[in-house]
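# Residue-level structural notes
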Amino acid sequence: MIICVIAIHDVTAQNDKPNILWIVSEDNNAAMIGCYGNKFATTPNIDKLATEGVRFENAFSTAPVCAPSRCTLITGMYPPTLGTENMRSNYPIPAYLKFFPRYLRKAGYYTSNNSKKDYNVPDQYEAWDESSDKASYKNRKSGEPFFAVFNIFVSHESNIHERQDSLRHNPDQVPLPAYHPSTKAIREDWAQYYDKVETMDQQVGKLLKDLEDAGLADNTIVFYYADNGGVLPRSKRFLFESGLHVPLIVRVPEKYKKFIPNSSGQTTDRLVTFLDFAPTVLNVAGIKPPDYMQGGAFLGENPAPAPQYAYGFRGRMDERIDLSRTVRDKKYRYIRNYLPHLSHGQHLQYLWLAASTRSWEEEFKSGRLNDVQSAFWRPKPAEELYDVTTDPDNVNNLAGQSGYDSVLLRLGKANTQWLIKTRDIGFIPEGVLWEMSAYKGSLLEMGPKENVLERIIETADLASMRDPKNVSILTKRLTDNDPAVRYWAAIGCTVMPNEMAGAESRLASLLEDPEGAVHVAAAEALYHMGQKEEGLKGLIEELKSQNVFVKVQCINVLQSLGNDALPALDAVKKLIPPVTLPSTKHEETYDLKAARSFVKEFDERQ
């Protein structure tokens, strides 16, 4: 969660430039905060802040995980536009695209960050005068306007991986969402998470008190918000309300009421996303946001018109590949899954460190779950639609139900229009993007022409809808000139293996495709269309690829095949070095993570 405090400069300053402070706490959604209606939560400091400011009811991270969301925050750009949607990546961005604190520094601000970055792109060190665990607005020159960030880590997902000795919140009384079964491990993880949120709230209170003690409270605008939802399984990383809906509270002193449309103690239902934060800070500071930023200011002089929709995305999460997009208005959340044959519950090394995830999976394997609780572990629908006002847990999918056709059509159209408008290059397989990045240019500048990208997105749409009417066009596109189009046409064969019968010869020819991502997609399709031996042979061959993300894609497919992937086990083991490598900031490469996960799962089954 992030608290953004915009301090409108201290009393010694001689100019009218506002000071800006963000306080960031991690991995907690709006539903975990008392002032958002949770009576079980213990968040008195945040709740008090809400009585002094304006609570935003519809604030959303763009991604349900930290690094891509932080990329949005620091750049003001939508990561699928930049090719930086995947968790994690480090692809270059255009030289003209500057981390927004650089504009503040140029305008005379002191900028400090304490201390997490994780921006998912190459760092721009000149964004900060100071970035460390000692960084603070207190270190600036007297009267110097500042932008300062404080990050609170205690509510991060990692803090439920080990059980603490005692719990302040009673596991037997913890309220569970409809999708979670009532197991001891799940209840204890939830209770421990509530404890961590309570501790986070105490740290929020300390930061606010520091502001008061420094004599800055009457000159400070305070934002409180989360960096993404989380952290129990099916929240962080997933495009539901639990993963994207973040708390946002803004407190504005009387002298600066002109910066906010609502007075203290009120709520607003304006849709806000992380795309809006950079232009908002610049606008409040009197700096014109650059034209490339894709959001609009919601505070300051002449704020942007309120948007009709909030958009979000899901790409690769560490070693697990997926691709989904979402659109939210004030009543409905629409989710479009482009790899619907994959379940939400793909095994992900870090997520499985939580006892609650392992417990939920065991309940599913043992057949003790109802349909709502089991849905996470089964293939996804191509489209999901939820009335968030009556179904905050997002368990009653309205897509295809009588009376919702017009809503589904409207939000589906909005999604497609946004993909085209923002030039979403997340539809290009990452193996291809990885090769493009080797030329050292930004993916945004090297991306396909608009008409080619539209054809790629259209093919992904056709491939994932499970509509037999699309068979003919998908078959033709298996021989398209563009590799991403061929990739999606092959994915269509995996999604509809029976309907695509007859395309086997074209798929077989793709086993010689120069693009490894296409080769893997074709091998996967052949396996599901009954040619298991040929498919496995093609997958094992691509394990020799020098392309990291072709290997990740290949191992993902193999792991989905269960015991049928046994012939590939030795080849995967060869990818794992015999000696443990020294740890780095983000540990192993993702092909190595995927390989270890594959081998570990096989060992456990044996």
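Structure's up top.
An account of the accompanying structure is given in this report. (Residues numbered from 1 in each chain as written. Predicted model: local features only at pLDDT ≥ 70, side-chain atom pairs only at ≥ 80, totals over all residues. Heavy atoms only, no water.)

## Side note on the overall build of the protein chain
When its secondary structure is counted, the protein chain shows 21 helices and 13 strands. Projecting the C-alpha coordinates of the protein chain onto the three principal axes gives extents of approximately 75 × 60 × 55 Å. Residue burial in the protein chain is summarised as follows: out of 606 residues, 64% are buried. Of the contacts made within the protein chain by residues no fewer than 6 positions apart, 71% connect residues no fewer than 24 positions apart. A total of about 23500 Å² of accessible surface is found on the protein chain, and carbon and sulfur atoms cover 50% of it. For the protein chain, the separation between the mean place of its 70 positive charges and that of its 78 negative charges on side chains is 2 Å. (Helix = DSSP H or I, 4+ residues; strand = E, 2+ residues; numbered from the N terminus. Buried < 20%, exposed > 50% of the residue type's maximum accessible area, 1.4 Å probe, protein only. Contact = heavy atoms within 4.5 Å. Areas by Shrake-Rupley, 256 points an atom, 1.4 Å probe, with all protein chains shown as cover. Lys, Arg positive; Asp, Glu negative; His and termini not counted. Charge placed at Lys NZ, Arg CZ, Asp CG, Glu CD.)

## Considerations on the packing of helix 5 (residues 184-213) against helix 8 (residues 355-365)
To describe two helices that pack against each other, one gives the angle between their axes and the distance between the axes. Close contact between helix 5 and helix 8 brings their axes to 8 Å; oriented N to C, the two are set at 155°. Our classification of the angle between helix 5 and helix 8 gives roughly antiparallel. Both helix 5 and helix 8 take part in a crossing whose hand is left-handed. Along the contact surface, helix 5 presents Ala185, Ile186 and Asp189, while helix 8 presents Ala355, Ser356, Ser359 and Trp360. Tallied by class, the residues present in the contact of helix 5 with helix 8 amount to four nonpolar, two polar and one charged. (Axes fitted to C-alpha atoms, helices over the stretch in contact; angles between N-to-C directions. Parallel < 35°, antiparallel > 145°, perpendicular 65-115°, else oblique. Left-handed = near helix turned anticlockwise from the far one by under 90°. Nonpolar A, V, L, I, M, F, W, Y, C, P; charged D, E, K, R; others polar.)

## A short note on the sheet that holds strand 11 (residues 324-328)
One open sheet holds the four strands; their spatial order is 10-11-12-13, and the pairing between them is antiparallel. What marks the edges here is a single partner per strand, and that holds for strand 10 (310-314) and strand 13 (383-387). Across this sheet, the average inter-strand angle for adjacent strands is 15°, counted without regard to direction. Alignment of strand 11 against strand 12 (residues 332-337), held across five bridges, turns out to be antiparallel. In the sheet register, Arg328 faces strand 12, and the bridge partner there is Arg333. (Pairing = 2+ DSSP bridges.)

## Let's talk about the pairing of strand 2 (residues 20-25)
Successive side chains on a regular strand alternate, one facing one side of the sheet and the next facing the other. The buried fraction of strand 2 amounts to six of the six residues, a majority that puts the element mostly inside the structure. Here strand 2 shows a buried face lined by Ile20, Trp22 and Val24 and a second buried face lined by Leu21, Ile23 and Ser25. By the bridge criterion, three bridges tie strand 2 to strand 7 (residues 220-226) in an arrangement that is parallel. Among the inter-strand pairings, Ser25 is bridged to a residue of strand 7, identified as Ala226.

## Some details on the pattern of salt bridges
Summed over all chains, the structure comprises 41 salt bridges. Across the pair Arg102 and Glu126 runs a salt bridge, and its minimum N-O distance is 3.4 Å. In this pair, Arg102 is assigned in helix 4 (residues 101-106) and Glu126 in the loop between strand 4 (110-114) and strand 5 (130-131), connecting sequence segments 24 residues apart. Arg102 gets classed as partly exposed once you look at its relative accessible area, which sits at 22%. (Salt bridge = Lys/Arg side-chain N within 4 Å of Asp/Glu carboxyl O.)

## Here's the deal with the nonpolar core
Judged by nonpolar contacts, the single largest core of 71 residues is most densely connected at Phe427, Trp488, Leu507, Leu558 and Phe598. Counting 60 residues, the second largest nonpolar core, distinct from the first, contains Leu21, Tyr179, Met200 and Leu351. (Core = buried A, V, L, I, M, F, W, Y, C linked by side-chain atoms within 4.5 Å.)

## Looking at the packing of aromatic side chains
To describe a pair of aromatic rings, one takes the distance between the centres and the angle between the planes. Enumeration over the complete set of coordinates arrives at 37 aromatic pairs. Between Trp22 and Phe100 the ring centres are 5.5 Å apart and the planes differ by 45°, which places this aromatic pair in the tilted class. Highlighted residues: Trp22 in strand 2 and Phe100 in the loop between helix 3 (79-82) and helix 4, separated in sequence by 78 residues. The class for Phe100 is buried, based on a relative accessible area of 0%. Residues Trp22 and Phe277 carry aromatic rings whose centres are separated by 6.3 Å and whose planes lie at 90° to one another, so their mutual orientation is edge-to-face. A residue pair is termed long-range when its members are at least 10 positions apart, and Trp22 in strand 2 and Phe277 in helix 7 (residues 277-284) qualify at 255 residues. (Phe/Tyr/Trp six-rings, centres within 6.5 Å; stacked < 30°, edge-to-face > 60°.)

## Some details on the pairing of strand 7
Summarising burial for strand 7: seven of the seven residues are buried, a large majority. Covered by surrounding structure in strand 7 are Thr220, Val222, Tyr224 and Ala226 together with Ile221, Phe223 and Tyr225, the residues of both alternating faces. Pairing geometry for strand 7 and strand 8 (residues 245-251), over four bridges, is antiparallel. Within the sheet, the bridge partner assigned to Tyr224 lies in strand 8 and is Ile249.

## Description of unusual backbone geometry
Residue Met87 is joined to Arg88 through a cis peptide bond whose omega torsion reads -5°. Mapped onto the secondary structure, Arg88 falls in the loop between helix 3 and helix 4. Cis geometry is found at the peptide bond from Asn114 to Ser115, where omega equals -10°. The topology assignment puts Ser115 in the loop between strand 4 and strand 5. Positive phi is not limited to glycine here, since Asp27 has a value of about 60°. Examined against the element boundaries, Asp27 turns out to sit in the loop between strand 2 and helix 1 (44-52). Non-glycine residue Arg466 carries a positive phi angle of around 60°. Checked against the element boundaries, Arg466 lands in the loop between helix 13 (450-464) and helix 14 (471-477).

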